[in-house]
Amino acid sequence: MNKEVFEVLPEQENQRIDKYISLLYPDKSRSYFQKLIKSDQVLVNEQSIKANYQVKADDVITIIFPDSEETNIKPENIPLDILYEDEDLLVVNKPKGMVVHPSIGHYSGTLVNAIMYHCKDSLSGINGEIRPGIVHRIDMNTTGSLIVCKNDNSHIKIADQIKVHSVNRIYEGIVIGCPKEQTGVIHAPIGRNPKDRKKMAIVDKNGKDAITHYEVIQNFGNYSYVRFRLETGRTHQIRVHMASIGHPLLGDDVYGSGKGVYGQFKHLQGQTLHAKTIGFIHPSTGEYIEVSAPLPEYFVSLLQKLEAMS
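Residues numbered from 1 in each chain as written. Predicted model: local features only at pLDDT ≥ 70, side-chain atom pairs only at ≥ 80, totals over all residues. Heavy atoms only, no water.

### Here's the deal with the overall build of the chain
Which entries qualify depends on this criterion: Elements are defined by DSSP. Helices are runs of H or I of four residues or more, strands are runs of E of two residues or more, and each kind is numbered from the N terminus. In this treatment the radius of gyration is a C-alpha quantity, and the globule benchmark scales as 2.2 Å times the residue count to the 0.38 power. In this count, Lys and Arg are taken as positive residues and Asp and Glu as negative ones, while His and the chain termini are left out. Charge positions come from single atoms, namely NZ of Lys, CZ of Arg, CG of Asp or CD of Glu.
When helices and strands are counted, the chain shows 6 helices and 15 strands. Here the C-alpha atoms of the chain give a radius of gyration of 21 Å, agreeing with the 19 Å that 2.2 N^0.38 yields for 310 residues. Along the first, second and third principal axes, the C-alpha set of the chain runs to 60 × 50 × 35 Å. Across the chain, 35 positive and 37 negative side-chain charges occur, with their mean positions spaced 6 Å apart.

Encoded structure:
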């Protein structure tokens, strides 16, 4: 079971609790939370409540999410761009718009469906049926290198490297504006945005340590082509960190407020971010493996347009 605990802000009070928490988790229905409330899996100040309870400022809400029910995730013949493969793992170049693993109500068209077809029965099972082989992930609209593990031994050893931040992860992206410093380090903790739990934010309380190194590759007037190296791998880390210094990723409709997405950029599908290179110690051979994914066509075309504009 997964437990989440948070406080109600003053501006959020006087709402029915079932409505309030369903707004925080838009992928789940209000009736879903009503069932959790009825079974005492939603507590307020460690006490059971009813669905018509009106939340108050500073209420501490605890939600106990039950384990995922067994589902029938099916292999699908979806083309994969495989950058590296052996008997222990593969590295794929994830395309834009593809979700990494299934979620409630969305069990098809994901990377997991594709790798299940490609790998047959050779996938690690540590993350359960919904996430076989998945040891880490990247956002739906981020492209690039992703490791998939074929057995539990590989999964454990790669996960350990990710945990201690020894995996070399290089990203490239286009940001709005030109950073004052051509190279820099952003060191700021990241956690759930207390005002909007669908987003991440820089938070001092309960935030996890996050470090992003950046280097400007090229300036294009009001835009910059930037390389990023992650010391940590927090959810939305690059997107949050760059937005925090006033240079959100071009096309980021969550942390960029749509800024800069106009005219010839309206076609963009989310943030312009690519997981270029991933390096790790091979779980069986002990050798260092480094794999790079070429920039997607849309990214190359965008760089050419920016070059012509500047």
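Read on for the rest.
### Points about the environment of Pro294
Filter applied, for reference: Here the term buried applies to any residue with accessible area under 20% of the maximum for its type, exposed to any over 50%, and partly exposed to those in between, with areas from a 1.4 Å probe on protein chains only.
Its place among the elements puts Pro294 in the loop between β15 (288-292) and α6 (297-309). Residue Pro294 is classed as partly exposed on the basis of its relative accessible area, which comes to 47%. As for Pro294 and Gly144, which are separated by 150 residues in sequence, their C-alpha atoms are 7.9 Å apart.

### Some details on helix α1 (residues 17-24)
An α-helix turns once per 3.6 residues; consequently, residues spaced three or four apart project the same way. Let me state the cut-off plainly: Note on contacts: a residue pair qualifies if any of its non-hydrogen atoms lie within 4.5 Å across the two residues.
The buried fraction of α1 is high, at 6 of 8 residues. Within α1, the full set of buried residues consists of Ile17, Asp18, Tyr20, Ile21, Ser22 and Leu24. Considering only its buried residues, α1 is in contact with β1 (2-7), α2 (30-38), β2 (42-44), β4 (60-65) and β11 (196-202).

### As for the nonpolar core
As a reminder of what qualifies: Among the buried residues, those of types Ala, Val, Leu, Ile, Met, Phe, Trp, Tyr and Cys that are joined through side-chain atoms within 4.5 Å form a nonpolar core.
Among the nonpolar cores identified, the biggest contains 28 residues, and Leu111, Tyr171, Phe228 and Ile238 are the most heavily contacted of them. Here this core gets 5 residues from one element, more than from any other, and that element is helix α3 (residues 111-119). Contacts of Ile238, omitting those with residues within four sequence positions, involve Tyr171, Thr212, Phe228, Leu230, Leu249 and Leu273. Core analysis: the second largest hydrophobic core is formed by 19 residues, Phe6, Val8, Tyr25 and Tyr53 among them.

### Details of the pattern of salt bridges
One side chain can pair with another of opposite charge once the charged atoms of both are near each other. What counts here: Here, a salt bridge means any side-chain nitrogen of Lys or Arg that lies within 4 Å of a carboxyl oxygen of Asp or Glu.
For the structure shown, the criterion picks out 6 salt bridges. A salt bridge links Asp139 to Arg239; the nearest nitrogen and oxygen atoms lie 2.9 Å apart. Here the residue Asp139 occupies a position in the loop between α3 and β7 (143-149), and Arg239 occupies one in helix α5 (residues 237-244), the gap between them amounting to 100 residues. Judged by relative accessible area, Asp139 falls into the buried class, the value being 16%. For Glu215, the salt bridge goes to Arg227, with nearest N and O atoms at 3.9 Å. With Glu215 in strand β12 (residues 211-220) and Arg227 in strand β13 (residues 223-230), this residue pair connects regions lying 12 residues apart in the sequence.

### Observations regarding the side chain of His282
Stated formally: Any N or O atom pair separated by 3.5 Å or less is treated as a polar contact, with the protein-specific requirement of one donor-capable and one acceptor-capable atom, and with residues adjacent in sequence counted only for side-chain atom pairs.
By the secondary structure assignment, His282 is in the loop between β14 (273-281) and β15. Reaching out from His282, the side chain makes a polar contact with the side chain of Asp86 at a distance of 2.6 Å. A polar atom in the side chain of His282 sits 3.3 Å from the backbone nitrogen of Thr285. Beyond its immediate chain neighbours, meaning those up to four positions away, His282 contacts Tyr84, Asp86, Asp88, Glu287 and Ile289.

### Thoughts on the state of the cysteines
Worth spelling out the cut-off: Here, a disulfide means two cysteine sulfur atoms that sit within 2.5 Å of each other.
Taken as a whole and judged by the stated rule, the model has 0 disulfides. The closest cysteine sulfur to the non-disulfide-bonded Cys119 is located on Cys149, 10 Å from its own sulfur.

### Concerning empty space enclosed by the protein
The condition that has to hold: Using protein atoms alone on a 1 Å grid, points that fit a 1.4 Å probe yet trap it form a cavity, whereas open point sets bounded by protein on both sides within 12 Å along at least five of seven lines form a pocket; residues with an atom within 4 Å of a point count as lining. Grid points are joined across faces, edges and corners, and a volume is the space filled by probe spheres set on the points. Charged residues are taken to be Asp, Glu, Lys and Arg, nonpolar residues to be Ala, Val, Leu, Ile, Met, Phe, Trp, Tyr, Cys and Pro, and polar residues to be all remaining types, Gly included.
Counted according to the given criterion, the structure contains 1 cavity of 30 Å³ or more. Here the largest cavity defines a volume of roughly 40 Å³. Lining the largest cavity we find His136, Ile138, Ser145, Arg169, Tyr171, Ala275, Thr277 and Ile278. Among the secondary structure elements, those contributing two or more residues to the lining of the largest cavity are β8 (168-176) and β14. Of the residues forming the lining of the largest cavity, the biggest block, 3 residues, is contributed by β14. In terms of residue class, the lining of the largest cavity is built from 4 nonpolar, 3 polar and 1 charged.

### Side note on the pairing of strand β10 (residues 190-193)
Put simply, the test is: Here a strand pair is declared whenever DSSP counts at least two bridges between the two strands.
Judged from the 4 bridges that link them, β10 and β11 form a sheet pairing that is antiparallel. Note on β11: the bridge partner recorded for Arg192 is Met200. Where β10 folds back on β11, the antiparallel hairpin that results is connected by 2 residues.

### Observations regarding the environment of Ser108
Topologically, Ser108 is positioned in the loop between β6 (89-94) and α3. Sequence separation between Ser108 and Glu76 is 32 residues; the distance between their C-alpha atoms is 7.7 Å. With residues near it in sequence (within four places) discarded, Ser108 still touches Glu76 and Asn113.

### Some points on the packing of α1 against α2
In plain terms, the rule: Between the N-to-C directions of two axes lies an angle of 0 to 180 degrees, each axis being a line fitted to C-alpha atoms and, for a helix, fitted only over the stretch in contact. Note that the term roughly parallel is reserved for angles under 35 degrees, roughly antiparallel for angles over 145, roughly perpendicular for angles of 65 to 115, and oblique for everything else. The sense of a crossing depends on the near helix, which, turned anticlockwise from the far helix by less than a right angle, makes the crossing left-handed and, turned clockwise, makes it right-handed.
Between α1 and α2, the shortest axis-to-axis distance is 9 Å and the interhelical angle comes to 125 degrees. For the element pair α1 / α2, the angle class is oblique. Two packed elements cross with a definite hand, and for α1 against α2 that hand is right-handed. Residues Ile17, Asp18, Lys19, Ile21 and Ser22 of α1 form the contact with α2, whose own contacting residues are Arg30, Phe33, Gln34 and Ile37. By residue class, the composition of the contact of α1 with α2 is 4 nonpolar, 2 polar and 3 charged.

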